[in-house]
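Structural features, examined
The lines below spell out each chain.
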Amino acid sequence: MLQAETLQLLCLTASSGVPLFSRGSSKQLPFSIIGSLNGVHMFGAGHEAQLASCETDRGSRVVWRVFQESLILIAVSGSGGSTISELQLQRLLENVWNCMVLVLGQDELANIRNVERLKRELRSCYRLIDMLLERVNDDKGFMGDLTQCADCLLPSHSGLLQEAIDTFAQAAESEFGCLLVHGRVAQATEKWWSRLTSQEVVVLSVLVHSLSGASSCDYPVFLPQGSPTVAIRLLSFQLLPGVHVCVLCGPKPSLYKAENELIGRFWSTFVENLRSCLEHAERSTLPPSVSLRWDVQALLLINRESRRAVTACPRVRSGAPSESTPLLSSSRRLELLRLFYTFAVTRYFTSQVTSVSSASTTSEDFSQGFTHVPMQCYLVTDECKCYGLQSSQHQLFVLMDLSVPTFALRTVATQTLSVITAATGF
């Protein structure tokens, strides 16, 4: 039935099923199918049955989610997107809703006064929504849309840059400041991590990244959890192409004062540090002091306390023996990393699936027979070997070369975790 090329997102009013927008695949779904997708969900609701997801015999997946009893979001992955997991689609719907709240505010979405007006206003969210859809099959290493942890960069000059962002935010009369390099958080103030939820950090990072064409901007935003009904100012400035600094603040300072007085005063002395950070970020998210083993093909490291994450996908094998097999493409390795993360958190590390809705629809019965909490798991495929481990502070997911003996996977993973944390304090 479904012929979507890869992935499509639909938004309709929950009460009447009026389509508000459709994003994703260039080949739009016919109106009859949109009506059927909404109709089957409404039929279930009318009989006190919650339809959360389904899968067709052709490999397509459909996921429904109602927000504030006002809007219904539907994600459809076609047969060409069969590797997109249900967890990924569920997280996509949550992120899209958060982006809509971020731009328009919760009141505007929960209390629909005029459907046509809402359609027009939702156009301002299209850029953000399209970026989230692109990241589902992203080849740049962004994982925040799936993990709901902030995608981070670990720079070499972390102490200097931390001091710079702290003093700049203070001068801008804000406790919430962040430095982003190629869309990843390089440094942020303490309140940025402690007071904002991880979902808010993710969507704010996507928003700033979407504004990369502007040298500066003064943008009103609603924090989806912290301030969904009252707008806060987001000031964002481009320090270098690919490097942005932003703060959340009140009515002061003015955009003019911040751009013409504060930026030069606090960032001019760090230009070389920023340029060095930018150049290294184009090659790796880890600092030069961290040297990965040649048989580590990709990894995802999550700090469970701060909800930060780092993804590494080496371009070349350093020190690889001449008989080693060629590296898989980076896009394929990142795809496998996403699949392994989903495999691990839905079967073993199930505490990671935190929301009630996600837990009820994505966790599998596989783990219910355990009397303990699994701390490690592994998977052997035709393309690579995967190992996942978690502690009270970290989760690590590693893709390794097939030449690594299965009994040595644990050793390689624990050594990799020790090397990164010892060098970066992450």
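Please refer to the structure placed before this passage.
Below, the structure is looked at part by part. Please read all numbers here as calculations on a predicted model, not as lab measurements.

In this section: the sheet that holds strand E15 (residues 385-390). Spatially, E6-E13-E12-E16-E15-E14 is the arrangement adopted by the 6 strands of the open sheet, whose pairing is mixed. Looking at which strands have only one partner, the edges of the open sheet turn out to be strand E6 (150-151) and strand E14 (376-380). As paired elements, strand E12 (residues 296-303) and strand E13 (residues 308-312) share 5 bridges and run antiparallel to each other. Bridge assignment links Leu300 to a residue of E13, and that residue is Thr311.

This next bit is on the packing of helix H2 (residues 86-104) against helix H5 (residues 126-136). One can describe the packing of H2 onto H5 by two numbers: an axis separation of 10 Å at closest approach and a directional angle of 160°. Comparing the axis directions of H2 and H5 gives the class roughly antiparallel. Handedness of the H2/H5 crossing: right-handed. For the pair H2 and H5, contact is made by Gln88, Leu92, Asn95, Val96, Cys99, Met100, Leu102 and Val103 and by Leu128, Ile129, Leu132, Leu133 and Val136, respectively.

We now examine the environment of Tyr256. Position of Tyr256 relative to the elements: it lies in helix H10 (residues 255-267). Separated by 38 residues in the primary sequence, Tyr256 and Asp218 have C-alpha atoms spaced 9.8 Å apart.

On the secondary structure map, Asn98 appears in helix H2. We classify Asn98 as buried; its relative accessible area is 6%. Beyond its immediate stretch of four places on either side in the chain, Asn98 contacts Gln199, Val203, Pro224 and Gln225.

Our next topic: the pattern of salt bridges. Scanning all chains against the criterion turns up 13 salt bridges. Put simply, Glu55 and Arg61 hold a salt bridge, and the shortest N to O gap is 3.8 Å. On the accessibility criterion, Glu55 (51% relative accessible area) is exposed. Its relative accessible area of 19% is what places Arg61 among the buried residues. One salt bridge in this structure joins Arg293 and Asp295, with 2.7 Å as the shortest N-O distance. You can call Asp295 buried: its relative accessible area is 3%. Overlapping salt bridges bring together Glu108, Arg117 and Glu121 as one network.

Rules used in this analysis
Residues numbered from 1 in each chain as written. Predicted model: local features only at pLDDT ≥ 70, side-chain atom pairs only at ≥ 80, totals over all residues. Heavy atoms only, no water. Pairing = 2+ DSSP bridges. Helix = DSSP H or I, 4+ residues; strand = E, 2+ residues; numbered from the N terminus. Axes fitted to C-alpha atoms, helices over the stretch in contact; angles between N-to-C directions. Parallel < 35°, antiparallel > 145°, perpendicular 65-115°, else oblique. Left-handed = near helix turned anticlockwise from the far one by under 90°. Contact = heavy atoms within 4.5 Å. Buried < 20%, exposed > 50% of the residue type's maximum accessible area, 1.4 Å probe, protein only. Salt bridge = Lys/Arg side-chain N within 4 Å of Asp/Glu carboxyl O.

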